[in-house]
Amino acid sequence: MNVVPDRSSIRAFVDLASRAPSVHNTQPWRWVFDGGTLALHADVGRALPVVDPNGRQVVISCGAALHHLTTVARAFRWNSTVAVSRSTRAGDPLARVAFTPGARPQSPDFALLEAVTRRRSDRRSFGAVPHNSTVTDVIGEIARSFGVVVTALPADTHEALAAASHHSAAVRRYDWTYQAELRWWAGHSFVGNGIPAESRWIESEMPDTTTGRVFPPGRATVSSDAGPSGPDRALVVVIGTAADNRYEWVQSGRALSAVVLEMTALGLATCPLTHLTEETASRAVVDRLSGSDALSQILIRIGTAPAGSGAGPTPRRPVSEVLTGA
Ligand SMILES: Cc1cc2nc3c(=O)[nH]c(=O)nc-3n(C[C@H](O)[C@H](O)[C@H](O)COP(=O)(O)O)c2cc1C
């Protein structure tokens, strides 16, 4: 008989996996435990039809939760075998996870577990990455593991990137469908969802992260420690794939999660960015700047966080809303 984690362990894994980043903190995942394996589904009811009409960012978010889950399981001594589906049928799971006991977690595994709870999307300006070669090695290994392309954009491309970012903001400033969707997720005081006001700046203190998405004003200030601090010297990396399909999006999400957790474990701050990949024109700029044949899926700012604790944790849905069967 197969030995599997008990139901309370599955609940704990899913609870911690929910700390994964997701587009607008929509947490668009659904887990189904059948007593043996755990299936991951996209929750299409939480889709963003304006910014994400084909569900790419929903699936990337699910991929990030999948990597969080296997990272957590390993720290709890369970090995995971992940089967990412190549099915294109709506309703089919994105992936299935089978567990076998006997993992022997080491201190890097516990550092990643700790990173799961400590990581935040930090929208302040960053200082430069101090140990570039370690970061490059880690990122190279992640790209190999998930079969994606991860490119660090050279500093001399940042001006062009900032221009593309401004362009994407300008064309959507008066796009009321975009603004309404953004304000639904980042303009309410929801319980358990969305980007809270404490994670968004008051209007007079918008940061110098010229590559960041423009969110509706919130309550974060310099004095509340989540505010900006000087020019942004972040390293920007791009995750790209050979094709645009659900399988590649899941792999991009797993790679995204691996990058942000590994960087957090190294003491660095991170913030995923996708506004640049939502518009055809700005996505083409990112494709060109990254200098590979890959299609850009998501960008990540990485750097040294300024002094102060930054924004607190964003809310999450309870396990009972995202898990059935355990
Ligand atoms: C697919 C995806 C797209 C995202 N796009 C952006 C973005 O364009 N700008 C941004 O500041 N954060 C972006 N984020 C970060 C989310 O807003 C963040 O993960 C969510 O609000 C939860 O907060 P946390 O990461 O601090 O836990 C994105 C995250 C994911 C997974």
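Below you will find a few notes about this structure. (Residues numbered from 1 in each chain as written. Predicted model: local features only at pLDDT ≥ 70, side-chain atom pairs only at ≥ 80, totals over all residues. Heavy atoms only, no water.)

The end-to-end C-alpha distance of helix H5 (residues 158–172), which contains 15 residues, comes to 21 Å, matching closely the 21 Å that a straight helix rising 1.5 Å per residue would cover. Listed as buried for H5 are Leu161, Ala162, Ala164, Ser165, Ser168 and Arg172. Projection of H5 onto a plane perpendicular to its axis shows the buried side chains occupying an angular sector of 160°, all on one side. The inward-facing, buried residues of H5 abut helix H6 (176–185), strand E6 (235–241), helix H8 (275–278), helix H9 (280–290) and strand E8 (295–303). (Helix = DSSP H or I, 4+ residues; strand = E, 2+ residues; numbered from the N terminus. Expected span 1.5 Å × (residues − 1). Buried < 20%, exposed > 50% of the residue type's maximum accessible area, 1.4 Å probe, protein only. Arc of directions from axis to C-beta. Contact = heavy atoms within 4.5 Å.)

Overall, the coordinates contain 3 aromatic pairs when judged by the stated rule. Here the aromatic rings of Phe13 and Phe99 are separated by 5.8 Å at their centres, their planes lie at 50°, and the arrangement is tilted. Of the two residues, Phe13 is situated in helix H1 (residues 7–17) and Phe99 in strand E4 (residues 95–101); the sequence distance between them amounts to 86 residues. Note on Phe13: relative accessible area 1%, which makes it buried. Here Phe99 falls in the buried class, since its relative accessible area comes to 5%. One aromatic cluster in this structure is built from Phe13, Phe76 and Phe99. Across from the ring centre of Tyr247, 3.6 Å away, lies the NZ or CZ of Arg86, which sits over that ring. (Phe/Tyr/Trp six-rings, centres within 6.5 Å; stacked < 30°, edge-to-face > 60°. Lys NZ or Arg CZ within 6 Å of the ring centre and 35° of its normal.)

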